[in-house]
Each structure stands twice: as C-alpha cells, then as structure tokens.
Amino acid sequence: TCGGHHAHESPALVFQNVALGYPGADSSVLSGLNLTLDRGRSIALLGDNGSGKSTLLKSIAGLLRLRQGKISVLGHAVGQCHHQVAYLPQHRDIDWDFPISVQRFVLTGLYIHLGWFRRPGRVQRKAAAEILDRLTLTSLAERRINELSGGQQQRLLLARTLLHGADLLLLDEPFNAVDAENRALVRGVLRGLKAEGKTLVTATHELDFGEDFFDARFRLTDGSLTEEGAP
Ligand code: ADP
C-alpha cells in the first residue's frame, strides 16, 4: 500500500535521472536529478527565486509531466498515492478571492478521501476544529478567506494540509508572511509531524535553514540539485 511506516518498505521518494520543465519551453528547469529519501526524514530545499523549488515539489505532487527519468513516491509511480501525499502550495498559487469560509477551506483538505460531494462527518468536523484550534484560527472560522491577513492565510494552508493526514508532506514556503510569534507555532507543528514519523520536503528561504527539524539540506542551482553540509 501507499501508507505504513515499516522499515522494510520502499523509500518515501526516489528520483532517477529526472528532468523537469514546462510545456512550450525548450530548456528544462531542472535536470539530472537523483535523490533517495527514506521515510520519516525531513529535508529542506533551498535556492534563489526561480531556481526550481516549486517545480520540484509539483513534480512529486504529480502536477507536472516528467521530461525524462522516473520518480517513485512511497514505492509507487508518481501520482498514484494521492491519499498519502499532501501538497501545500505557495501562497501566491491560491485564489484568495474565492468565496469560501475558513472552516470550509480547511475541510477541502479531505476532498481526496471524501470526493467533492460527500459531506464530512462528525469525526472529520471535529478533527478540522482541532486543527484550526492548534493553529489559533478558531475565532476566524466563519470568516471568508480573503478577510484574513497573509500570515493567517499561510496558517490556514498548513491547517488544510494537516487535515489531509498524509505520510508525505510537500510544503512550499510554509513560513511565508508568518510573523515571529506564529513562526514558533508553525515550527512546533512541523516538529510534531516529524515526531509522528511523517516525511517532509520543505521549500524554504535561506533564513529558515537553521530550523532544527531538517535532517538535510539540498540546494538548487543552475538546474541541478546538490546536498549541502553533512547531515
Ligand atoms: P522557485 O520555486 O525556486 O522560485 P519555480 O519552480 O517557481 O522556482 O520556477 C523555476 C523556473 O520555472 C522559473 O524560471 C520559472 O519562470 C519557470 N516556471 C515556473 N512555473 C512555470 C509555468 N507554469 N510555466 C512556465 N514556466 C514556469
């Protein structure tokens, strides 16, 4: 299956000579990517704006056609384990003017389990409420998502990702616009995920790379991926 935490299982992620790019563009954004990531590990993806961090996360999420090579996710071909892979997109990728409440937005984290038209049950609504509480968003639950501050919206994205309950989390700049106080909160949540044995791939800025929940750091430069420092 795609789930489980047994030691004998396949790695969380295997990249074999992968090249990534966008339709219509001749050159690849990234190429010659090779990486094996064991389950329960937490890595940082570093690199300048435009270096390909989002592109790499999208490829793992199954949102991008590969130009070359192979990606295995939790032992399956990429795109086959949606129940176990949660993707937190960059803040700018969301249409914040979509008319939906905070409460309902969080529940969209369950769509992969429920389908769009089945209503969440009592247990699921309770889980959503607990996660909103953990990210101190309870008082905003009835608000429209475009009434929140940037930092509140960022916490909301994390809340939705948590509700998904996946084993592998792909986080695109989860600290974006989060102020100092809430940064500690978000950091605590990510530490908790790691303690639960989740696998985390986090695109982040230089400033964050001292975060202690990263087991290793990888840098994207000139279209390739290299590990930094000793783990
Ligand atoms: P980062 O997340 O590190 O800022 P991105 O992965 O967003 O970098 O972008 C890497 C490169 O891919 C950039 O040159 C960017 O212009 C290009 N790119 C990103 N998204 C698209 C797209 N949808 N279509 C074409 N090119 C894109």
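Residues numbered from 1 in each chain as written. Predicted model: local features only at pLDDT ≥ 70, side-chain atom pairs only at ≥ 80, totals over all residues. Heavy atoms only, no water.

Draft legend 1. Representation of helix H6 (residues 180–195) within the structure. Its 16 residues give H6 an end-to-end C-alpha distance of 23 Å, which sits within 8% of 22 Å, the value for a rise of 1.5 Å per residue. Within H6 the residues assigned to the buried category are Asn182, Arg183, Val186, Val189, Leu190 and Leu193. Buried residues along H6 cover an arc of 125 degrees about the axis, so they all sit on one side. Projecting away from the buried face of H6 at angles above 90 degrees are the exposed residues Ala180, Glu181 and Ala195. Positive phi appears at Gly197, one or two residues downstream of H6, with a value of about 95 degrees. (Helix = DSSP H or I, 4+ residues; strand = E, 2+ residues; numbered from the N terminus. Expected span 1.5 Å × (residues − 1). Buried < 20%, exposed > 50% of the residue type's maximum accessible area, 1.4 Å probe, protein only. Arc of directions from axis to C-beta.)

Draft legend 2. Layout of helix H4 (residues 122–134). Under the 1.5 Å per step criterion, the end-to-end length of H4 is 18 Å for 13 residues, consistent within 8% with the ideal 18 Å. Residues of H4 that are buried make contact with helix H2 (102–107) and helix H5 (150–164). Backbone geometry just after H4 places Thr136 at a positive phi near 45 degrees. (Contact = heavy atoms within 4.5 Å.)

Draft legend 3. Seen up close, the layout of surface pockets. In this structure, the largest pocket occupies an estimated 940 Å³ of space. Surrounding the largest pocket, 30 residues form its lining, Leu107, Thr108, Gly109, Tyr111 and Trp116 being those nearest its centre. Listed by contribution, the elements that provide at least two residues to the lining of the largest pocket are strand E6 (85–88), H2, helix H3 (111–114) and H5. Take the lining of the largest pocket: its biggest share by element is four residues, from H2. Across the lining of the largest pocket, the residue classes tally to 17 nonpolar, seven polar and six charged. (1 Å grid on protein atoms, 1.4 Å probe; cavity = no way out; pocket = protein on both sides within 12 Å on 5 of 7 lines; lining within 4 Å. Points joined across faces, edges and corners; volume = space filled by probe spheres on them. Nonpolar A, V, L, I, M, F, W, Y, C, P; charged D, E, K, R; others polar.)

Draft legend 4. Representation of the nonpolar core within the structure. With 39 residues, the main nonpolar core has Leu135, Leu156, Leu158 and Leu190 as its most contacted residues. Once residues lying within four places of it in the same chain are set aside, the contact partners of Leu156 are Trp96, Val102, Phe105, Val106, Leu137, Ile145 and Leu148. Grouped together as the second largest cluster of nonpolar side chains are 30 residues, Ile43, Ala61, Leu64 and Leu168 included. (Core = buried A, V, L, I, M, F, W, Y, C linked by side-chain atoms within 4.5 Å.)

Draft legend 5. How the structure looks around the packing of H4 against H5. One way to put it is that H4 packs onto H5 with a least axis distance of 9 Å and a crossing angle of 140 degrees. Between H4 and H5, the angle falls in the class oblique. You can see that H4 and H5 cross each other, and the crossing is right-handed. Here Gln124, Ala127, Ala128, Ile131 and Arg134 of H4 lie close against H5, whose contacting residues are Ala159, Leu162 and Leu163. (Axes fitted to C-alpha atoms, helices over the stretch in contact; angles between N-to-C directions. Parallel < 35°, antiparallel > 145°, perpendicular 65-115°, else oblique. Left-handed = near helix turned anticlockwise from the far one by under 90°.)

Draft legend 6. Geometry of the site of the ligand. Every residue near the ligand is listed here: Tyr22, Val29, Asp48, Asn49, Gly50, Ser51, Gly52, Lys53, Ser54, Thr55 and Arg92. One nitrogen or oxygen atom from the main chain of Ser54 is found 2.8 Å from an oxygen atom belonging to the ligand. Within the contact set of the ligand, an oxygen atom lies 2.5 Å away from a side-chain nitrogen or oxygen of Thr55. Considered on its own, the ligand offers 560 Å² of accessible surface; in the complex 59% of this is hidden by protein. Of the residues belonging to the shell around the ligand, the class tally is two nonpolar, six polar and three charged. (Near = heavy atom within 4 Å. Polar contact = N/O pair within 3.5 Å; in protein donor to acceptor, adjacent residues only side chain to side chain. Areas by Shrake-Rupley, 256 points an atom, 1.4 Å probe, with all protein chains shown as cover.)

Draft legend 7. Seen up close, the pattern of salt bridges. Considering all chains together, one arrives at six salt bridges under this definition. Between Glu130 and Lys126 there is a salt bridge whose closest N-O contact spans 3.4 Å. Here Glu130 and its partner Lys126 are both found in helix H4, four residues apart, which amounts to about one turn of the helix. What makes Lys126 exposed here is its relative accessible area of 53%. Among the charged side chains, a salt-bridge network with shared partners connects Lys58, Arg92 and Asp93. (Salt bridge = Lys/Arg side-chain N within 4 Å of Asp/Glu carboxyl O.)

Draft legend 8. Layout of the pairing of strand E8 (residues 199–203). Of all five residues that make up E8, five are buried, and the element is covered over most of its length. Covered by surrounding structure in E8 are Thr199, Val201 and Ala203 together with Leu200 and Thr202, the residues of both alternating faces. Crossover strand E7 (residues 168–172) to E8 through H6 is right-handed. (Right-handed = clockwise from strand over helix to strand, strands pointing away.)

Draft legend 9. Region of the structure containing the sheet that holds strand E9 (residues 216–221). Reading across from one edge, E6-E7-E8-E3-E9-E10 is the order of the six strands in this open sheet, with mixed pairing throughout. Strands at the two margins of the open sheet, each flanked by one partner only, are E6 and strand E10 (224–228). On average, adjacent strands in this sheet sit at an angle of 20 degrees to one another, irrespective of strand direction. Contacts from H5 reach E6 and E7, with the element oriented near 175 degrees to E6. (Pairing = 2+ DSSP bridges.)

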